[in-house]
Amino acid sequence: MTYLVTGANRGLGLELVREGARHNIKIIAACRSGGEALSALAREYPDLIRIISMDVADTGSVERACREIAGIYPNLNGFINNAGVLYGSKFDTRDPITAIDIDEAGDTFNINVLGTIRVMKYFMPLVYAAGEDRCIVNVSSDGAVLRDHGHVYASYSASKAALNAYTQRMRNYLASQPDKADIRVYLIHPGKMLTAMGKEIGEVRPSESAAGIWDIVFNRKDLNASIPFYDYHGKLI
Ligand SMILES: NC(=O)c1ccc[n+]([C@@H]2O[C@H](COP(=O)([O-])OP(=O)(O)OC[C@H]3O[C@@H](n4cnc5c(N)ncnc54)[C@H](OP(=O)(O)O)[C@@H]3O)[C@@H](O)[C@H]2O)c1
C-alpha cells in the first residue's frame, strides 16, 4: 500500500510517517523542507519512505509534486492531509474581532482549507487509479465544533469547520459513484497534541495519535457514520 502524508517533517506528520513505515506502508513524505528527523527516518526505511518537496499553499508546488509522484507511484491508496497552521495565542487578551491579523487569517485558510483542496484536486486521480483499499484522512480539529469552545483560535476553528464542510461534500460525491463508493473518507481530530502547534494545550503524544489514525486507515475500527468526524480513538465527534 502507498500513502501520501503532508506536513511530514515534524509533529504529527513525522509520527504518521514513522508509524506507517513500521506497518510496511510505502510513504510519500511531503513537506516544505525535510529536516534531520525525517531524513533519519528515510535512511532507516529506504525502501518505504520517499521525501518530496510540496508546499500545500502553492498550487504550482502541489501540481509539480503530483507529476513527480505519478511517474513513480501511479496508484495511491490514499493520503493523510495533515499539514496545518495555527496562529495566535489563547493568552491574548485583546478583542479578537478588532485585533485579528487578516494576513494570518488568510494564510490559515490558504493552508488549512485550500491546501487540502489542492492536494485532493491533483492527487485524487492517483487514488482513483488504485481501484481498491482506498482511504482519505483530512486532519481536522475539535475546534471546528461550535459548542463549548469560547472564542480562542477563531480563524483556525473557522478553517477547520470549512475543511469539514468541504470534506463532507466530497465524501457524499464519492459515496454516490459506484466505482468510487469504496473510498473511505474521514475527518479526524488528532487530540490536543504535544507538538509545536499544541504548545499551549498539548496532552497527547503525537505518536499515540498517529497509531490511532493508522488503525482507522487500516479499517480496524469499523467506522461508518454518515458524517465521519471522529477523534483518533474512533470516537464520533
Ligand atoms: N497540535 C494539536 O493539539 C492539534 C489539535 C487538533 C488538530 N491538529 C491538527 O493536526 C495537524 C498536525 O498538527 P501538529 O500539531 O503536528 O502541528 P505542527 O507540529 O505545527 O506541524 C505542522 C506541520 O504542517 C506543516 N505545514 C504548515 N504549512 C505548510 C505548508 N504550506 N505546506 C506544507 N506543509 C505545511 C509544517 O511544516 P513546516 O515545518 O514547513 O512549517 C509541519 O510539518 C494539523 O492539521 C493541525 O491543525 C493539531
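Residues numbered from 1 in each chain as written. Predicted model: local features only at pLDDT ≥ 70, side-chain atom pairs only at ≥ 80, totals over all residues.

Quick word on the sheet that holds strand E1 (residues 2-6)
In space, the 7 strands of this open sheet follow the order E3-E2-E1-E4-E5-E6-E7, with parallel pairing throughout. Edge positions in the open sheet fall to strand E3 (49-53) and strand E7 (229-231), since each of these has one partner strand only. On average, each strand axis in the sheet is tilted by 25° relative to the strand beside it, whichever way the strands run. Across 5 bridges, strand E5 (residues 135-139) lies against strand E6 (residues 184-189) in parallel orientation. In the strand pairing of E6, Ile136 is matched with Val185. Contacts between helix H2 (residues 36-44) and the sheet are confined to strand E2 (26-31) and E3, with E3 contributing the most and set at about 145° to the helix. Packed on one face of the sheet, helix H5 (residues 154-175) meets E5, E6 and E7 and runs near 160° to E6. (Pairing = 2+ DSSP bridges. Helix = DSSP H or I, 4+ residues; strand = E, 2+ residues; numbered from the N terminus. Axes fitted to C-alpha atoms, helices over the stretch in contact; angles between N-to-C directions. Contact = placed C-beta atoms within 7 Å.)

Structural notes on the site of the ligand
Gly7, Gly11, Gly84, Thr195 and Gly198 are the nearest of the 31 residues found near the ligand. Of all the elements, helix H1 (residues 11-22) adds the most residues to the shell around the ligand, at 3 residues. Tallied by class, the residues present in the shell around the ligand amount to 14 nonpolar, 13 polar and 4 charged. (Near = placed C-beta within 6 Å. Nonpolar A, V, L, I, M, F, W, Y, C, P; charged D, E, K, R; others polar.)

Digging into H1
Counted at 1.5 Å a residue, the expected span for H1 with its 12 residues is 16 Å, and the 17 Å between its end C-alpha atoms agrees. When you tally the buried positions in H1, you get 10 out of 12 residues, the bulk of the element. Taken residue by residue, H1 has Gly11, Leu12, Gly13, Leu14, Glu15, Leu16, Val17, Arg18, Glu19 and Gly20 as its buried positions. Residues of H1 that are buried sit in contact with E1, E2, H2, E3, strand E4 (78-81) and helix H6 (206-217). Just downstream of H1, Asn24 is the residue with a positive phi angle, here 70°. (Expected span 1.5 Å × (residues − 1). Buried ≥ 20, exposed ≤ 12 C-beta atoms within 10 Å, placed from the backbone.)

Quick notes on the packing of H1 against H2
For the pair H1 and H2, interaxial distance at closest approach is 11 Å and the crossing angle is 5°. Between H1 and H2, the crossing angle belongs to the class labelled roughly parallel. Note on element contacts: H2 touches H1 through Ala37, Leu38 and Leu41, opposite Leu14, Val17, Arg18 and Ala21. Classifying every residue of the contact of H1 with H2 by side-chain character gives 6 nonpolar, no polar and 1 charged. (Parallel < 35°, antiparallel > 145°, perpendicular 65-115°, else oblique.)

Overview of unusual backbone geometry
In the Ramachandran plot, Tyr153 falls in the positive-phi region, its phi being about 50° despite a non-glycine side chain. In this structure Tyr153 comes out as buried when scored by C-beta crowding, with 23 C-beta atoms within 10 Å.

Brief notes about helix H3 (residues 59-72)
One full turn of an α-helix is made of 3.6 residues, so residues set three or four places apart face in the same direction. For H3, built from 14 residues, the straight-helix expectation of 20 Å at 1.5 Å per residue is met to within 8% by its first-to-last C-alpha distance of 20 Å. Among all positions in H3, only Val62, Ala65, Cys66 and Ile69 are buried. Take H3 and look down its axis: the buried residues cluster within an arc of 100°, on one side only. Exposed residues on H3 whose side chains face more than 90 degrees from its buried face are Gly60, Arg67 and Gly71. (Arc of directions from axis to C-beta.)

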